[in-house]
Amino acid sequence: MDPRKLSALLSSLVSQLLLLLLLLFNSNNSNHYLPDGNLFSVLNYLLSSQEIAATLSFVSVSRKRKRTHCPEFDSEPIGEDGDPEVGDRLRDDQVRVGLTRDPDSFKAFFRMKSSTFEWLAGLLEPLLECRDPVGSPLNLSAELRLGIGLFRLATGSSYPEIAQRFGVSESVTRFCAKHLCRVLCTNFRFWVAFPNPEELKSVSLSFEQLTGLPNCCGVIDCTRFNMVNEHNGSIDSIAAQIVVDSSSRILSIIAGFRGDKRDARVLKCSTLYKDIEEGRLLNSSPLLVNGVAVSQYLVGDGEYPLLPWLMVPFVDVVPGSSQRKFNVANSAMRVSALKTIASLKNWGILNKPMQEEFKPAVAIIGACSILHNVLLMREDDSALCEWMGDNSVHDQSSQHYEETSLEENSTGKQASAIRDALTTEARELREGHVSSLGGDPRGSM
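Described in the following lines is the structure provided in the data block. (Residues numbered from 1 in each chain as written. Predicted model: local features only at pLDDT ≥ 70, side-chain atom pairs only at ≥ 80, totals over all residues. Heavy atoms only, no water.)

1. Considerations on the overall build of the protein chain
Then, number 1: For the protein chain, the helix and strand inventory stands at 16 helices and nine strands.
Then, number 2: Taken over 445 residues, the protein chain has a buried fraction of 46%.
Then, number 3: For the protein chain, restricting intrachain contacts to residue pairs at least 6 apart in sequence, the fraction spanning at least 24 positions comes to 70%.
Then, number 4: Of the roughly 22,200 Å² of accessible surface on the protein chain, 52% is carried by carbon and sulfur atoms. (Helix = DSSP H or I, 4+ residues; strand = E, 2+ residues; numbered from the N terminus. Buried < 20%, exposed > 50% of the residue type's maximum accessible area, 1.4 Å probe, protein only. Contact = heavy atoms within 4.5 Å. Areas by Shrake-Rupley, 256 points an atom, 1.4 Å probe, with all protein chains shown as cover.)

Shown next as structure tokens:
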């Protein structure tokens, strides 16, 4: 019930109850403790007190919904004519968002089903509505704010285009899009979190069922997203390193490196590398495979170095050999990472050079990664990509990490021994199935 109506109802009930009690008290007592003239004064005082209490109650409820203002955004008027009563003129939020509940429209506009949109709007409502640009209260529902932000991410449309479509100013469009990314990256980062040791058991089991290789805890890969250099208009790129499981769920993403860095360099500069090297991740007890202790590990392509916790393809393998079988298994596992990258680039904003400053561009990558996992969690395949485009699986046996000094030390020898032991566990897989762009890597081989 509306707080105002509830407060008025309670005030009326309490007032009537007090009046009844006072009248009964007055009629049942022969000795009046209060003169008739004072009875009205007391009654008026009590009724006034109840009205004040009801008002304070309403204020306390309203205070929870009070919005804070963000000084970093321009205070441009909301309506095209600067009319602050934008809600009167643009009242039908569902029309502006295009919420026709048509599946095709939702997939095109928001990269999700209407049920996922409604669930997300309800979840994010208090966070989306709690902030407005300074001096410009938006008077927009959480559903509309979410719609504007998702439309920007899903289609990559420019701010003027979105402003025209939704009937708001360009500054409001910028605010809603950036605020959505801020809310997701700040409050819902746990949706992209590396699994705990118990959860990693199911991750490794799924990879083992796929290829026969035990103790694999994820696939690592690195991709680039383009952005327009705000100073000279040239195209720069941002490198993003991801780790995924067999279902293409992102377990870790680290973005913000310059795109000209090689994958191996990005890895060594990442917190993931430091956490694994220092024993904070992938630290469960090793398995014994053919007499070799095999610790938890990731798999990657030939751009990465061979490490005890990172298995990469063999170089220059002989057809039909056990090493070749291992390479095919490695490719089969990497399909999930390639599908994740293709799915991320299925978001319109990431499919072309972003016209954003560097930090907002990184936040967009993070927000799309979080939404990717949300869609998987909701079993919503609207933005998930089966076709991997230019990222198709290919034979990388001729590609290898250039720095070979690692293989000459004890760490390199340990890593080679682990990979050799794993080759005996690799299941025979059909290469045609692995490279199938529409195939499911979890399907039968």
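There's more to say after this.
2. Some details on the environment of Asn-351
Then, number 1: Assignment of secondary structure puts Asn-351 in the loop between helix H13 (322-344) and helix H14 (358-377).
Then, number 2: In this structure, the C-alpha to C-alpha distance between Asn-351 and Thr-155, residues 196 residues apart in sequence, is 9.1 Å.

3. A closer look at the packing of aromatic side chains
Then, number 1: Going through the model one piece at a time under the given rule, you end up with 12 aromatic pairs.
Then, number 2: Pairing Phe-106 with Phe-117 gives two aromatic rings, centres 5.6 Å apart and planes at 80°, and the pair type is edge-to-face. Remark: Phe-117 occurs in helix H6 (residues 114-129) and Phe-106 occurs in helix H5 (residues 103-110); sequence separation between them is 11 residues.
Then, number 3: Owing to a relative accessible area of 1%, Phe-106 belongs among the buried residues under this scheme.
Then, number 4: What makes Phe-117 buried here is its relative accessible area of 0%.
Then, number 5: Look at Tyr-273 and Trp-309: their rings are 5.7 Å apart centre to centre, the planes differ by 65°, and that puts the pair in the edge-to-face class. In this pair, Tyr-273 is assigned in helix H12 (residues 271-277) and Trp-309 in the loop between strand E8 (297-299) and strand E9 (310-311), connecting sequence segments 36 residues apart. (Phe/Tyr/Trp six-rings, centres within 6.5 Å; stacked < 30°, edge-to-face > 60°.)

4. Focus on the pattern of salt bridges
Then, number 1: Taken as a whole and assessed by the stated rule, the structure comprises 10 salt bridges.
Then, number 2: Linking Lys-201 and Glu-198 is a salt bridge whose minimum nitrogen-to-oxygen distance equals 3.3 Å. With Lys-201 and Glu-198 both in helix H10 (residues 197-211), this residue pair falls three residues apart, about one helical turn. Of the two residues examined, Lys-201 and Glu-198, each falls in the exposed class.
Then, number 3: Here Asp-263 makes a salt bridge to Arg-224, at a shortest N to O gap of 2.6 Å. A residue pair is termed long-range when its members are at least 10 positions apart, and Asp-263 in helix H11 (residues 263-269) and Arg-224 in strand E3 (residues 216-228) qualify at 39 residues.
Then, number 4: Judged by its relative accessible area of 8%, Asp-263 falls in the buried class.
Then, number 5: Three or more residues joined by partner-sharing salt bridges are found here, namely Asp-275, Glu-278 and Arg-280. (Salt bridge = Lys/Arg side-chain N within 4 Å of Asp/Glu carboxyl O.)

5. So, the sheet that holds strand E4 (residues 235-244)
Then, number 1: Pairing is mixed in the open sheet, where five strands are placed in the order E5-E4-E3-E8-E9. Each having just a single partner strand, strand E5 (250-258) and E9 make up the two edges of the open sheet.
Then, number 2: As judged from the two bridges shared by E8 and E9, these two strands associate in the parallel manner. When the bridges of E9 are listed, Leu-298 appears paired with Leu-310. (Pairing = 2+ DSSP bridges.)

6. Some thoughts on helix H9 (residues 170-187)
Then, number 1: Taking 1.5 Å of rise per residue, the 18 residues of H9 would be expected to cover 26 Å, and the 26 Å separating its terminal C-alpha atoms lies within 8% of that figure.
Then, number 2: Among the residues making up H9, those that are buried are Ser-171, Val-172, Thr-173, Phe-175, Cys-176, Ala-177, His-179, Leu-180, Cys-181, Val-183 and Leu-184. (Expected span 1.5 Å × (residues − 1).)

7. Structural notes on the packing of H6 against H9
Two measures define how a pair of helices packs: the angle their axes make with one another and the distance between the axes.
Then, number 1: The N-to-C vectors of H6 and H9 enclose an angle of 110°; their axes lie 10 Å apart at closest approach. If you check the angle between H6 and H9, you find them roughly perpendicular. Here H6 and H9 pass one another in a crossing that is right-handed. Counting all contacts with H6, which are made through Leu-124, Leu-127 and Leu-128, the residues of H9 involved are His-179, Leu-180, Val-183, Leu-184 and Asn-187.
Then, number 2: Of the residues contributing to the contact of H6 with H9, the split by class is six nonpolar, two polar and no charged. (Axes fitted to C-alpha atoms, helices over the stretch in contact; angles between N-to-C directions. Parallel < 35°, antiparallel > 145°, perpendicular 65-115°, else oblique. Left-handed = near helix turned anticlockwise from the far one by under 90°. Nonpolar A, V, L, I, M, F, W, Y, C, P; charged D, E, K, R; others polar.)

8. A short note on unusual backbone geometry
Then, number 1: Its identity as a non-glycine residue notwithstanding, Arg-111 has a phi of 60°, on the positive side.
Then, number 2: Residue position: Arg-111 is located in the loop between H5 and H6.
Then, number 3: At Leu-282, a residue that is not glycine, the phi angle is positive and equals roughly 50°.
Then, number 4: Secondary-structure assignment places Leu-282 in the loop between H12 and strand E6 (287-289).

9. Some words on the pairing of E5
Then, number 1: Relative to E5, E4 runs antiparallel, the two being bridged by seven bridges. Considered in E5, the bridge of Ile-242 is made with Ile-253.
Then, number 2: In sequence, E4 turns back onto E5 through a hairpin of five residues, with Ser-248 there showing a positive phi of about 75°.

10. Comments concerning the side chain of Arg-152
Then, number 1: Residue position: Arg-152 is located in helix H7 (residues 142-155).
Then, number 2: One polar contact links Arg-152 to Glu-356, side chain to side chain, over a distance of 2.8 Å. (Polar contact = N/O pair within 3.5 Å; in protein donor to acceptor, adjacent residues only side chain to side chain.)

11. Comments concerning the environment of Gln-209
Then, number 1: Relative to the elements of secondary structure, Gln-209 occurs in helix H10.
Then, number 2: Gln-209 gets classed as exposed once you look at its relative accessible area, which sits at 53%.

12. Describing the side chain of His-179
Then, number 1: Tracing the sequence through the fold places His-179 in helix H9.
Then, number 2: With relative accessibility at 4%, the residue His-179 sits in the buried group.
Then, number 3: Polar contacts involving the side chain of His-179 include one to the side chain of Arg-182, which spans 2.9 Å.
Then, number 4: Leaving out residues up to four positions away in the same chain, His-179 has contacts with Leu-127, Leu-128 and Arg-131.

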